[in-house]
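An overview of the molecular structure
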Amino acid sequence: MIFKKTLKKLLKNNKLFFFLITSLIYCYLRICYITSRWKYVFSEDFDNNSFKSTKSLLIVMWHCNIAYAFKIFTGHNKIRALISTHSDGRLVSKISSMC
């Protein structure tokens, strides 16, 4: 419990620690993306080119799939996300800006 409180405090107050953690997570995700096999499955009337050229699209994801969202949406124009102001939202926001 003490470790969790200390970690939260460091993430909130120490910019260098925050940068190091987000950089480590980003590197880990890049390794996952490179070593994973990707298969996109679209409906018959919607393919990868349609996906990338669509002007507006609403996508809902479960928390467990958020890490892969950066890879899934590579090449799509103007991605926007709703992210909380909580510390984990700050982490996701920083990592998404690195991608």
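To keep things clear, this report deals only with the structure shown in the data block. (Residues numbered from 1 in each chain as written. Predicted model: local features only at pLDDT ≥ 70, side-chain atom pairs only at ≥ 80, totals over all residues. Heavy atoms only, no water.)

What follows is about the overall build of the protein chain. Scanning the protein chain from N- to C-terminus turns up five helices and zero strands. Beginning at the N terminus, the succession of helices and strands in the protein chain can be written as α-α-α-α-α. Within the protein chain, the fraction of its 99 residues that count as buried is 16%. Taking the contacts inside the protein chain whose residues are at least 6 apart along the sequence as the reference set, 57% of them involve residues at least 24 apart. Looking at the protein chain as shown, the accessible area adds up to about 8600 Å², and 61% of this sits on carbon and sulfur atoms. (Helix = DSSP H or I, 4+ residues; strand = E, 2+ residues; numbered from the N terminus. Buried < 20%, exposed > 50% of the residue type's maximum accessible area, 1.4 Å probe, protein only. Contact = heavy atoms within 4.5 Å. Areas by Shrake-Rupley, 256 points an atom, 1.4 Å probe, with all protein chains shown as cover.)

Right, let's get into a nonpolar patch on the surface. On the surface, Leu16, Phe19 and Leu20 cluster together to form a nonpolar patch covering roughly 300 Å² of accessible area. With respect to the helices and strands, phenylalanine 19 occurs in helix H2 (residues 15–35). (Patch = residues over 30% accessible without salt bridge, like charges linked within 9 Å, V, L, I, M, F, W, Y side chains within 5 Å. Salt bridge = Lys/Arg side-chain N within 4 Å of Asp/Glu carboxyl O.)

This brings us to the side chain of threonine 22. Looking at the element boundaries, threonine 22 is found in helix H2. For threonine 22, a relative accessible area of 0% translates into the label buried. Apart from residues no more than four positions distant in its own chain, threonine 22 is found in contact with Leu91, Lys94, Ile95 and Met98.

A few words now on H2. Under the 1.5 Å per step criterion, the end-to-end length of H2 is 30 Å for 21 residues, consistent within 8% with the ideal 30 Å. Taken as a whole, H2 has its buried residues at Phe18, Thr22, Ser23, Leu29, Cys32 and Tyr33. Sitting at the head of H2, asparagine 14 places a side-chain oxygen 3.1 Å from the backbone nitrogen of leucine 16. (Expected span 1.5 Å × (residues − 1). Polar contact = N/O pair within 3.5 Å; in protein donor to acceptor, adjacent residues only side chain to side chain.)

Turning our attention to the environment of valine 92. Among the structural elements, valine 92 can be located in helix H5 (residues 87–98). With 25 residues separating them in the primary sequence, valine 92 and alanine 67 have C-alpha atoms 8.5 Å apart. Residues in contact with valine 92, not counting those within four places in the same chain, are Ile66, Phe70 and Ile83.

Quick look at helix H1 (residues 2–13) now. With twelve residues, H1 extends 16 Å between its outermost C-alpha atoms, agreeing within 8% with the 16 Å of an ideal straight helix rising 1.5 Å per residue. For H1, the tally of buried residues reaches only one of twelve residues, placing the bulk of the element at the surface.

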